[in-house]
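Spelled out from the first residue to the last, the chains are:
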Amino acid sequence: MRRALAALLVTVVAVVLLARFQTEPPTTLNPKAPIGPVKTPRAFSTPAPMRTGQGARSFLGPALTTPFSAIQVRGFFTGRRLTGIETVLLSGDGPHTEALNARAEPILRETALKAGNAHVDVVSGATSTSKIWLESLQGAIDKARRAT
């Protein structure tokens, strides 16, 4: 009988404590909400190429946005050949998007450098990021071709 009373008392205390436990609903970001206007530093919008030495030049692609991210890419060229890529703007509207962007960016950079152009596959799980990253790179490539 004492064991039954002890078990009942422990059960009642546990139920009361669980009933009083307060939680907050998880916060989520609205995927339909735009991230708003992206302010880029003046240097990002400079249309003139930068000279980098050894005959290499760099051209900045356009700053582009999706509902989740803002991205801008700079391409480095020796003649008409793509020799380097730098992501100068990569932002997301939350931790999930930022994690996807951080995972996709090095993959995109590596595959685009190997291909020597922006005609590469998108990264699975980061389709929007991949598309605008590649579009910005293509803009830099187009500027380099017009300049040579």
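What you are looking at is a predicted structure, and each value in this text was computed from that prediction instead of being measured.

## Some words on the pairing of strand S5 (residues 81-92)
- Where strand S4 (residues 69-78) lies against S5, 10 bridges are found, and the strand directions are antiparallel. When the bridges of S5 are listed, Phe76 appears paired with Gly84.
- Between S4 and S5, which pair antiparallel one after the other, the connecting turn spans two residues, and Gly79 there sits at a positive phi close to 65 degrees.

## Section: the side chain of Glu105
- Topologically, Glu105 is positioned in helix H2 (residues 95-115).
- Reaching out from Glu105, the side chain makes a polar contact with the side chain of Thr87 at a distance of 2.7 Å.

## Some thoughts on the environment of Asp93
- Mapping Asp93 onto the fold places it in the loop between S5 and H2.
- Judged by relative accessible area, Asp93 falls into the partly exposed class, the value being 24%.
- Separated by 25 residues in the primary sequence, Asp93 and Phe68 have C-alpha atoms spaced 5.4 Å apart.
- Of the polar contacts made by the side chain of Asp93, one reaches the side chain of Thr97; its length is 2.9 Å.

## Details of helix H3 (residues 127-147)
- In a regular helix each residue adds 1.5 Å, so 21 residues correspond to 30 Å; H3 covers 30 Å between its end C-alpha atoms and thus fits that length.
- What H3 keeps buried is the set Thr129, Ser130, Ile132, Trp133, Leu134, Ser136, Leu137, Gln138, Gly139, Ala140, Ile141 and Ala144.
- Considering only its buried residues, H3 is in contact with strand S2 (56-60), strand S3 (64-65), S4, S5 and H2.

## So, the confidence of the model for the protein
- With 78% of its residues at a pLDDT of 70 or more, the protein shows a mean pLDDT of 80.
- Element-level mean pLDDT values for the protein span from 52 in strand S1 (residues 50-53) up to 93 in H3.
- Confidence drops under a pLDDT of 50 for residues 30-50, and excluding neighbours within four residues, the segment shows 26 contacts in the predicted structure.

## Quick notes on the nonpolar core
- With 21 residues, the main nonpolar core has Ile85, Trp133 and Leu137 as its most contacted residues.
- Per element, the largest residue contribution to this core is seven residues, and it comes from H3.
- Excluding anything up to four places from it in sequence, Trp133 contacts Ile71, Val73, Ile85, Thr87, Glu105, Leu108, Arg109 and Ala112.

How each quantity is defined
- Residues numbered from 1 in each chain as written.
- Predicted model: local features only at pLDDT ≥ 70, side-chain atom pairs only at ≥ 80, totals over all residues.
- Heavy atoms only, no water.
- Pairing = 2+ DSSP bridges.
- Helix = DSSP H or I, 4+ residues; strand = E, 2+ residues; numbered from the N terminus.
- Polar contact = N/O pair within 3.5 Å; in protein donor to acceptor, adjacent residues only side chain to side chain.
- Buried < 20%, exposed > 50% of the residue type's maximum accessible area, 1.4 Å probe, protein only.
- Expected span 1.5 Å × (residues − 1).
- Contact = heavy atoms within 4.5 Å.
- pLDDT = per-residue confidence, 0-100.
- Core = buried A, V, L, I, M, F, W, Y, C linked by side-chain atoms within 4.5 Å.

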